[in-house]
Amino acid sequence: MTEVPDEDGLLRLVGTPFPGGTFTFEPWWVRLANDCALAPASDGAASPVFAFLAATAAMGWSWEQLWALFGATEADGPMAGETATEIVEPLRVGATYTVSGQIVSAVRKRGARTGVFDLVGYRLDLHDELGSLAASCTNSIIFPRRSL
């Protein structure tokens, strides 16, 4: 297992870029996602959840690789924190988007009930075929640090 970074190590991870990748909103995938959400197929990729799904699918790391960067595994119980999505232009079915991003914050906190945990923020951007920002997702992950 990767070692849990100390507080200085956490700060050094801020600015770390994601490898990135591309994501295409294939018509069949959009239909399935809308069906799962009980949304009409005619909605296309209109829901903000599509930006999150595309961004995390093409961030260039698996969840396990992202957690390992912070010295964590699935067994440590990382949890999703806050999320904020900004849609700059409508996401288009059939279009391919380039995903890029970086770690934007990392801080160690102590809670009276929860004990020590790390709160890590990351931002993923979707750019259209012309390079224009189409959507942005800023999220956080909570890493419990039971051993600290």
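Presented here is a report on the structure given in the accompanying data block. For clarity, every value in this text was computed on a predicted model and none was experimentally measured.

Across the sheet, which stays open at both edges, the five strands sit in the order β1-β3-β4-β5-β2 with antiparallel pairing between neighbours. Looking at strand neighbours, the two that pair on one side only are β1 (21-24) and β2 (79-87), the edges of this open sheet. Looking at each pair of strands side by side, their axes are set apart by 25° on average, direction ignored. Pairing of strand β4 (residues 115-127) with strand β5 (residues 133-144), which is carried by 11 bridges, proceeds in the antiparallel orientation. Directly across from tyrosine 122, in β5, lies its bridge partner asparagine 139.

Let us look at the packing of aromatic side chains. Per the stated rule, a full pass over the model turns up 10 aromatic pairs. When the ring of phenylalanine 18 is compared with that of tryptophan 61, the centres are 4.9 Å apart and the planes differ by 50°; the resulting orientation is tilted. Of this pair, phenylalanine 18 sits in the loop between α1 (7-13) and β1 while tryptophan 61 sits in the loop between α3 (48-57) and α4 (63-69), and the two are 43 residues apart along the sequence. Arranged with centres 5.8 Å apart and planes meeting at 45°, the rings of phenylalanine 18 and tyrosine 122 form a pair that is tilted. Here phenylalanine 18, found in the loop between α1 and β1, pairs with tyrosine 122, found in strand β4; they are 104 residues apart in sequence, far enough to count as distant. Here phenylalanine 18 matches tyrosine 122 in class, with each residue buried. One aromatic cluster in this structure is built from Phe23, Phe25, Trp29, Phe50 and Tyr97.

Glancing now at the pairing of β5. Successive residues of a regular strand alternate their side chains across the two faces of the sheet. For β5, the tally of buried residues reaches nine of 12 residues, placing the bulk of the element in the interior. Here β2 runs beside β5; their pairing, made up of seven bridges, is antiparallel. Of the residues in β5, the one forming a bridge with alanine 80 is isoleucine 141. The antiparallel pairing of β4 with β5 creates a hairpin that spans five residues between the two strands, and glycine 131 there sits at a positive phi of about 90°.

Looking now at helix α2 (residues 27-36). Restricting attention to buried positions, one finds in α2 the residues Val30, Ala33 and Asn34. The buried residues of α2 occupy an angular sector of 95° when projected down its axis, which confines them to one face. Away from the buried face of α2 by more than 90 degrees, exposed residues Asp35 and Cys36 are located. Residues of α2 that are buried in the fold lie against α3. Of the residues flanking the end of α2, it is leucine 38, one or two places downstream, whose phi is positive at about 55°.

Moving on, we get to the nonpolar core. Residues Phe18, Phe25, Leu66, Phe70, Leu91 and Leu126 are the most contacted members of the largest nonpolar core, which totals 34 residues. Looking at this core, the elements with two or more residues in it are α1, α2, α3, α4, β3 (96-111), β4 and β5. When residues of this core are assigned to their parent elements, the largest contribution, five residues, is made by β5. Beyond its immediate sequence surroundings of up to four residues, leucine 126 is in contact with Phe25, Ala51, Ala54, Ala55, Leu91, Tyr97, Thr98, Val99, Ser132, Leu133, Ala134 and Ala135.

Calculation notes
Residues numbered from 1 in each chain as written. Predicted model: local features only at pLDDT ≥ 70, side-chain atom pairs only at ≥ 80, totals over all residues. Heavy atoms only, no water. Pairing = 2+ DSSP bridges. Helix = DSSP H or I, 4+ residues; strand = E, 2+ residues; numbered from the N terminus. Axes fitted to C-alpha atoms, helices over the stretch in contact; angles between N-to-C directions. Phe/Tyr/Trp six-rings, centres within 6.5 Å; stacked < 30°, edge-to-face > 60°. Buried < 20%, exposed > 50% of the residue type's maximum accessible area, 1.4 Å probe, protein only. Arc of directions from axis to C-beta. Contact = heavy atoms within 4.5 Å. Core = buried A, V, L, I, M, F, W, Y, C linked by side-chain atoms within 4.5 Å.

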